[in-house]
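# A look at the structure
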2 protein chains.
Amino acid sequence: MAQKKIRNMEELAAVSRISRPTLSKYFNDPDSVRRSTRERIELALTQFDYRPNVYAMNQNRRKTRNIGIVVPNLADPFFSEIGREVELACIGAGYTPILLSSHGNPAQERDNLESLRSLKPAGVLLAPFGRVSDRADIESFNKHIPVVLFDANVETACEAFVGTDNFQSIDLMVEYLCRSGEPPCLFEMKSPSNPNANKRRQAYLESMQRHGYTPHIFQAEGEGWNFEEIGSAEGGRLISENAFNTNTVLCSNDRLAIGMLSAAYRLGKRVGHGPACTLRIAGHDDHPFSRFTCPSLTTIAQDYAAIANRAASTLFRIIDTDERPEKREETLFNGSLVMRESA
Amino acid sequence: MAQKKIRNMEELAAVSRISRPTLSKYFNDPDSVRRSTRERIELALTQFDYRPNVYAMNQNRRKTRNIGIVVPNLADPFFSEIGREVELACIGAGYTPILLSSHGNPAQERDNLESLRSLKPAGVLLAPFGRVSDRADIESFNKHIPVVLFDANVETACEAFVGTDNFQSIDLMVEYLCRSGEPPCLFEMKSPSNPNANKRRQAYLESMQRHGYTPHIFQAEGEGWNFEEIGSAEGGRLISENAFNTNTVLCSNDRLAIGMLSAAYRLGKRVGHGPACTLRIAGHDDHPFSRFTCPSLTTIAQDYAAIANRAASTLFRIIDTDERPEKREETLFNGSLVMRESA
DNA sequence: CCATGAAGTTTACGCGCGTAAAAAATAGAT
DNA sequence: ATCTATTTTTTACGCGCGTAAACTTCATGG
């Protein structure tokens, strides 16, 4: 290997005996050049270490190959996993993903969109907080850049939404709980920071009604993303006060359930579906840790991969056709029941 | 507000009646221009929405203001938290952090360094896997770009290392366990993917010896990052086989401990420091979930913030002085004991 | 063999900003 | 008001690559 330092495309053109515009074409899409020349280029690339300057590349390009990915909180393993899936989908399609976390802070979401603006991404995959206040920022951002929402919906905003069908998944869980024991009450946050929570409450109400049972809802005070803490404190209070009028509690999400499980343990309350148990607790999301709770948590698994891939491919289609779809798309995937020990 | 579209610095110079080179100076360091002109510029900035083009900026700059941050696995809440701290330190110092996860895959770490290369970062904060095979890549990368290691050390590589003093922290835990009950055995992975695990084993051996006890080590088979799974499977096997020759188990990290706790629960073994308990389990790292395990986990808290801030400030100092320090620095922070229910 | 369309080459310009050097303007002190 | 040091303006060039247009070469089929 000569390994002579190649400083720019011009020098690579010289040593490879291929014109610079053709090299430029190659780097923008290796398949856009004839097979034989591609091989010549790639041969040269093996002997002369060269990589195009990203800054120079993106300066004059109409669109970059960057895809922004924004999730509300990477510290939450749910978003960590789905974010990873989305990243992989982008890489697989030849894009450069840029994953940003809003750290549980809606203001950070705005900052993240602002940062992304200067990176001129070809498109953005956004899992929004879903608060009303975000809408203006998101829509303003969406004016110039195509955005596909996932996980949480903001009605009518952006090109498309991909998520889980909470009505299906909650109904599935309610059905299971009713068949296998007492009908559940619902445990959730009083002011949920996520629109899915509202969907789930509504789904719970409808499902209970359909099954001919009276719904009961218990709401925990508390703000922020410390769901386990809130579930533990408020759930513990409710358990010790014997507040539940059923022995079965459906938690709005796994993290609340994890907190409540720890409270039940602390209070010596035996949780599970066995004969010796006096309380059943179920969750929603199949959090990575829900397999290792005590007892392991019965929950609903969302199809991470399907959501991520659909969201990504929808965005790529919009980018490729270079036009907004005339109709906003909403895609909902089914959740699946994961039966473990807790209910 | 006129809000006329400003396309570039030249146009901003026109409307603000300030020359373009001065504007350029301002954007590279607002304090490098006279106070009065800075105010004029910032006034203009409020009425004319303009933001410099990052790609054009970085093309000709000697160094960018980017800082690469690479952690082994963002899905692990430990790295998620410490990564966040490092990010904040960078933003606070006026740099642009770029956080990358290696997803538990050493090959990905190499790819991440490769990606960072094209972003020409001013420096990199790296939490390496610490495998021998990585060394060459890291050192080659470090030839051109200053790197500060954190969390896991690679002996003699890069400018500096910042982490936790495992000898201090393990000794602290062993001391506590010995004072409060039977001396601990150690539970760890057979082939740990992290050099801290080796340090901790060594620390355990020395500490037990110093206290006049015979050390016992139990190693779990298994590869990868599914620590909870491994802790649950292997830990469960050891518990049910009554393999431990003491009622106290010190786990090499919290995630193993979480897995073992779930196994103990499954097997009906009562864990804790109370009189009714037959097994004590302790961990290391103060994982965000260790407060919500059943029972809550006694562990060692690492000083995330101190590690992150020291690593960042060390890197900034190297970047500012623009020269490699003549001596490689190693900084170790003390861990602190967190007494909960499990031991 | 030539016709024909596809692919590569030549030439040229521009993107938005960094940066350097020399000239001009400004602020603060005497 | 005058001097001096600092700051700003003027002028100019270059970074590495995208991209367009006109031209030339190439591959393939009849």
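Residues numbered from 1 in each chain as written. Chains lettered and ligands numbered in written order. Predicted model: local features only at pLDDT ≥ 70, side-chain atom pairs only at ≥ 80, totals over all residues. Heavy atoms only, no water.

Looking at an unreviewed UniProt entry, one finds chain A named LacI family DNA-binding transcriptional regulator and attributed to Sedimentitalea arenosa.

## Section: the overall build of chain A
A tally of regular secondary structure across chain A gives 12 helices and 12 strands. For the C-alpha atoms alone, the extent of chain A along its principal axes is close to 80 × 45 × 30 Å. Every one of the 343 residues in chain A was classed for burial, and the buried ones make up 53%. The contacts of chain A with a sequence gap of at least 6 include a subset with a gap of at least 24, amounting to 70%. (Helix = DSSP H or I, 4+ residues; strand = E, 2+ residues; numbered from the N terminus. Buried < 20%, exposed > 50% of the residue type's maximum accessible area, 1.4 Å probe, protein only. Contact = heavy atoms within 4.5 Å.)

## What to know about the sheet that holds strand E9 (residues 280–282) of chain A
Think of a sheet as strands paired side by side through backbone hydrogen bonds, with each pair either parallel or antiparallel. Residue and element names in this part refer to chain A. Read across the open sheet, the four strands follow the order E7-E6-E8-E9; overall the sheet is parallel. Pairing within the sheet leaves two strands with one partner each, and these edge strands are strand E7 (217–220) and E9. In this sheet, adjacent strand axes meet at a mean angle of 25° when their direction is disregarded. Sheet topology places strand E8 (residues 248–251) next to E9; three bridges connect them, and they run parallel. Across the sheet, the residue bridging to Val 249 is Ile 281, located in E9. Helix H9 (residues 195–210) contacts strand E6 (185–189), E7 and E8 of the sheet and is inclined by roughly 165° relative to E6. Sitting on the sheet, helix H10 (residues 227–240) is in contact with E6 and E7, with an inclination near 135° to E6. (Pairing = 2+ DSSP bridges. Axes fitted to C-alpha atoms, helices over the stretch in contact; angles between N-to-C directions.)

## A word on the relation of the copies chain A and chain B
Superposition of the two copies of the chain requires a rotation about an axis together with a shift along that axis. In the superposition of chain A on chain B (RMSD 0.1 Å, axial shift 0.0 Å), the rotation amounts to 180°. Taken together, the rotation angle and the small translation identify this as a two-fold axis. When each C-alpha of chain A is compared by its distance to the rotation axis, Tyr 55 of chain A comes out closest, at 2.2 Å. (Least-squares fit on C-alpha atoms with pLDDT ≥ 70 in both.)

## A short note on the domain arrangement of chain A
Residues and elements named next belong to chain A. When the domains of chain A are assigned, the result is domain 1 (4–52), domain 2 (66–164 + 304–334) and domain 3 (166–301). Domain 2 and domain 3 are separated by 29 Å when their C-alpha centres are compared. Taken residue by residue, the interface counts 17 residues in domain 2 and 15 residues in domain 3. Carbon and sulfur atoms make up 49% of the area that domain 2 and domain 3 hide from each other, which totals about 1300 Å². (Domains from an automatic or database assignment. Buried area = accessible area lost by both parts, 1.4 Å probe.)

## Points about unusual backbone geometry
Here Cys 294 of chain A and Pro 295 of chain A are connected by a cis peptide whose omega angle stands at -5°. For Pro 295 of chain A, the location among the structural elements is in the loop between E9 and strand E10 (299–301). The phi angle at Lys 120 of chain B is positive, at roughly 45°, despite the residue not being glycine. Residue Asp 286 of chain B is not a glycine yet carries a positive backbone phi of 55°. For Asp 286 of chain B, the position within the fold is in the loop between strand E9 (280–282) and strand E10 (299–301).

## What about the protein's contact with DNA strand C?
Near DNA strand C lie 26 residues; those nearest to it are Asn 60 of chain A together with Met 9, Ser 24, Tyr 50 and Arg 62 of chain B. Considering the 4 Å shell around the protein, atoms of DNA strand C inside it are sugar or phosphate in 64% of instances. A distance of 2.7 Å separates a phosphate oxygen of DNA strand C from a polar side-chain atom of Thr 22 of chain A. Within the side chain of Arg 20 of chain B, a nitrogen or oxygen atom sits 2.8 Å from a base oxygen of DNA strand C. When contributions to the surface near DNA strand C are tallied by element, the ones reaching two or more residues are helix H2 (20–28) and helix H4 (54–60) of chain A together with helix H2 (20–28) and helix H4 (54–60) of chain B. Tallying contributions element by element places H4 of chain B first for the surface near DNA strand C, with four residues. (Near = heavy atom within 4 Å. Polar contact = N/O pair within 3.5 Å; in protein donor to acceptor, adjacent residues only side chain to side chain.)

## Overview of the interface of chain A and chain B
Each partner contributes to the interface: chain A provides 37 residues, whereas chain B provides 36 residues. The contact between chain A and chain B buries some 3400 Å² in all, and 58% of this surface belongs to carbon and sulfur atoms. Counting the surface chain A buries against chain B, the share from its top three residues, Tyr 55, Tyr 265 and Phe 292 of chain A, is 24%. At the boundary of chain A with chain B, the tally comes to four salt bridges. (Salt bridge = Lys/Arg side-chain N within 4 Å of Asp/Glu carboxyl O.)

## Here we look at the nonpolar core
For soluble globular proteins, the rule of thumb is that nonpolar side chains tend to be buried together. Counting 134 residues, the largest nonpolar core has Leu 125 of chain A together with Leu 125 of chain B as its most contacted members. The contact partners of Leu 125 of chain B, leaving out residues within four places of it in the chain, are Ile 67, Gly 68, Ile 69, Val 70, Val 86, Cys 90, Val 148, Phe 150, Ala 311, Ala 312 and Leu 315 of chain B. (Core = buried A, V, L, I, M, F, W, Y, C linked by side-chain atoms within 4.5 Å.)

## Some remarks on the packing of aromatic side chains
Residue and element names in this part refer to chain A. Evaluation of the coordinates by the stated rule reveals 21 aromatic pairs over all chains. Pairing Phe 78 with Tyr 304 gives two aromatic rings, centres 5.3 Å apart and planes at 70°, and the pair type is edge-to-face. Taken together, the residues Phe 78 in helix H5 (residues 77–92) and Tyr 304 in helix H12 (residues 304–321) connect sequence positions 226 residues apart. What links up through ring pairs into an aromatic cluster is the set Phe 78, Phe 79, Phe 129, Trp 225, Phe 227 and Tyr 304. The ring of Tyr 95 has Arg 65 sitting right over it, with the charged end atom 4.3 Å from the ring centre. (Phe/Tyr/Trp six-rings, centres within 6.5 Å; stacked < 30°, edge-to-face > 60°. Lys NZ or Arg CZ within 6 Å of the ring centre and 35° of its normal.)

## A closer look at the protein's contact with DNA strand D
Of all residues adjacent to DNA strand D, which total 26 residues, the nearest are Met 9, Ser 24 and Tyr 50 of chain A together with Thr 37 and Asn 60 of chain B. Take Ser 24 of chain A: an N or O atom from its side chain is 2.4 Å from a phosphate oxygen of DNA strand D. The contact in question runs from a base nitrogen of DNA strand D to an N or O atom on the side chain of Arg 20 of chain B, over 3.3 Å. Secondary-structure elements contributing two or more residues to the surface near DNA strand D are H2 and H4 of chain A together with H2 and H4 of chain B. At four residues, the largest contribution of residues to the surface near DNA strand D is made by H4 of chain A. Tallied by class, residues from the surface near DNA strand D come to eight nonpolar, 11 polar and seven charged. (Nonpolar A, V, L, I, M, F, W, Y, C, P; charged D, E, K, R; others polar.)

## Some points on the environment of Thr 22 of chain A
When you line up the elements, Thr 22 of chain A lands in helix H2. Separated by 290 residues in sequence, Thr 22 of chain A and Ala 312 of chain A place their C-alpha atoms 30 Å apart.

## Thoughts on helix H9 (residues 195–210) of chain B
What sets the pattern is the α-helix's 3.6 residues per turn: residues three or four places apart point alike. Residues and elements named next belong to chain B. With 16 residues, H9 extends 23 Å between its outermost C-alpha atoms, agreeing within 8% with the 22 Å of an ideal straight helix rising 1.5 Å per residue. Pro 195, Asn 196, Ala 197, Arg 200, Arg 201, Ala 203, Tyr 204, Ser 207 and Met 208 are the residues of H9 that are buried. Buried residues along H9 sit against helix H8 (166–180), strand E6 (185–189) and strand E7 (217–220). Where H9 begins, one side-chain oxygen reaches toward the backbone nitrogen of Asn 196, 2.7 Å away; that side chain belongs to Asn 194. Looking one or two places after H9, you find Gly 212, whose phi comes out positive at around 80°. (Expected span 1.5 Å × (residues − 1).)

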